[in-house]
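# Commentary on secondary and tertiary structure
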Amino acid sequence: MRTEGKAGASAVRASILHFVADPAEAGEAAAEYFDDGLLILADGKVAALGPSDALLPGLPEAVKLIDRRGHLLMPGFIDTHIHYPQTDIIASHGAQLLDWLNTYTFPAERRFEDVAVARESAGFFCDELLRNGTTSALCFATVHPQSVDAIFEAAAERNMCMLAGKVMMDRHAPDFLTDTAESSYRDSKALIERWHGRGRALYAVTPRFAPTSSERQLELAGRLLEEHPGVYLQSHVAENRDEVAWVAELFPWARSYLDVYDHFGLLRPKAIYAHCIHLDAADRERMAASGAAMAFCPTSNLFLGSGLFDLEAAGAFGVKVGLATDVGGGTSFSMLQTLNEAYKVAQMAGQNLSPWRAFYLATLGSARALELEQRIGNLAPGCDADFVLLDLAATPLMARRMEKAGNLAERLFALMMLGDDRAVAESYVAGVCRHVRCRP
Ligand code: GUN
Ligand code: ZN
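The residue numbering used here restarts from 1 in each chain and proceeds along that chain's sequence as written. Just so you know, chain letters begin at A and ligand numbers begin at 1, following the order they were written in. Thresholds applied to this predicted model are a pLDDT of at least 70 for local features of residues and 80 or more for the giving and counting of side-chain atom pairs; totals over whole chains, interfaces and linings are not thresholded and use all residues. Water and hydrogen atoms were dropped before computing side-chain values, which therefore reflect all heavy atoms in the structure.

Neighbouring residues of ligand 1: His 83, Gln 86, Leu 97, Trp 100, Leu 101, Arg 208, Phe 209, His 236, Glu 239, His 275 and Asp 326. Between N or O atoms, a polar contact is any pair within 3.5 Å; within protein, one atom must be a potential hydrogen donor and the other a potential acceptor, and residues adjacent in sequence are included only when both atoms are from side chains. In the model, an oxygen atom of ligand 1 is placed 2.9 Å from a nitrogen or oxygen of the Gln 86 side chain. Asp 326 is positioned with one of its side-chain polar atoms (N or O) 2.8 Å from a nitrogen atom of ligand 1. Surface accessibility in these figures is a Shrake-Rupley result with a 1.4 Å probe; residues are shielded only by whichever protein chains are displayed. For ligand 1, the protein covers 100% of the area, taking 280 Å² as the surface of the free molecule. Only Asp, Glu, Lys and Arg are considered charged in this grouping, and only Ala, Val, Leu, Ile, Met, Phe, Trp, Tyr, Cys and Pro are considered nonpolar; every other residue, Gly among them, is considered polar. Residues belonging to the shell around ligand 1 are distributed by class as follows: 4 nonpolar, 4 polar and 3 charged. Nearness here has a simple test: a residue counts as near a molecule or strand if at least one of its heavy atoms is within 4 Å of that partner.

Have a look at this one:
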């Protein structure tokens, strides 16, 4: 234990749950749970985790004890796909993907040319993530490099592990939002050099989706990845049927939509693709073999009428899957609400999402999709101390339902179906409390 003699070391006493494996493979043994647990923190990291009765007697006096009995402590949620500049157009009525982009998204993203707009929005966005218990995200900025600076600066102020990138988009979008293949390469490269690995910032090369990039731009996105090992890639694939048909027209030589990205070297570990709905078996097999990951965005897929993500098929092929809100196509910042809709998407496909798998997806599963499980998404000693304290009785209805819940699985299920930001009592980032919910 690394607490001895460390100024500022602290320990949180609560019920504690995290995952050490995928419940789809290990069942309930994938979860480690301490009904009366202690999480010991030092230097912003987890120093030790275990039952209170075993750890409390050896706790040095200098360690500050934070008593949160009655709360459930879990790793902070990780959102593997979200657009911070779309915060203001969340809940915009009446369109499917391509119309929605033209009607709402592009005009909203135009405003981020103004760095003051970008800064204000990035600050609000980070606070909203923390209010919802999300401590890390893989995030789209806009085409404007200053929008990337703004989100990394806002995340750094809160010491959050944030992954983000400048949208690369050189065609099929309004002039005010397009770059060129060469300028997008230059700007992305400069941003990588400025931000990747600085504090907790990680850069993601961000071609918006195949229809808005020329072949030259996709080629240069691949070159950025080759030139900067360790950098991420994020994009969208196979979300909407009209989009899939458009890609077939634009890239007639490709076997499938996913194959376009493969052709340019964009399928690889640390590449995360949102949606992945309209794929075939060959696509899923290729995704698994490449090490790329899927971001499952249930609220967005339902809201935009895109289709139903096939969680079992992803698992059958061994593809990594993370959970994501996809705000502003998605309708909530809350990963609890996102799990609520994930459960219903699975139901519509005749599949059964257990509460264990659900909370795994929101934490360790998403960390694995990002290849960050050594740092976040779980509470193993040495991990960054990013965690949430959840109040399972946050509303009268939740309190009433929890009284009837016979075991932890039932409580977790009620939490994901009924919970939202009201259930997030506190969010900690690298051992520091960054959000406390004010009860009305
Ligand atoms: N495909 C291309 N751009 C976007 C976007 O901003 N949101 C969603 N949901 N899909 C996209
Ligand atoms: Zn998206």
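Confidence along the chain averages 97 in pLDDT terms, with 98% of residues attaining 70 or more. Residue-level confidence of the predictor, termed pLDDT, takes values from 0 up to 100. Residue contacts are counted whenever heavy atoms from the two residues lie within 4.5 Å of one another. Across residues 1-7, confidence stays below pLDDT 50; counting only partners more than four residues off in sequence or on other chains, it has 17 contacts.

With that settled, the discussion passes to a nonpolar patch on the surface. Patch members must show over 30% relative accessible area and no salt bridge, and they are joined within 9 Å when carrying like charges or within 5 Å when they are nonpolar side chains of Val, Leu, Ile, Met, Phe, Trp or Tyr. Each salt bridge in this description consists of a side-chain nitrogen of Lys or Arg and a carboxyl oxygen of Asp or Glu lying within 4 Å of one another. On the surface, Leu 302, Leu 308 and Met 348 cluster together into a nonpolar patch covering about 290 Å² of accessible area. Strands here mean DSSP runs of E at least two residues long; helices mean DSSP runs of H or I at least four residues long; both are numbered from the N terminus. Inspection of the secondary structure assignment puts Leu 308 in the loop between α11 (298-303) and α12 (311-317). Accessible area is worked out with a 1.4 Å probe on protein chains only. A residue is then buried under 20% of its type maximum, exposed over 50%, and partly exposed in between. We classify Leu 308 as partly exposed; its relative accessible area is 35%.

One way to say it: the disulfide is the covalent bond shared by the sulfur atoms of two cysteines. Put simply, a disulfide is two cysteine sulfurs that come within 2.5 Å. In total, this model carries 0 disulfides according to the counting rule given. Not part of a disulfide, Cys 276 finds its nearest cysteine sulfur in Cys 297, a span of 8.5 Å. Classification of Cys 276 by relative accessible area gives buried; the value is 1%. Cysteine Cys 383 is unpaired, with the sulfur of Cys 161 as its nearest cysteine sulfur at 11 Å.

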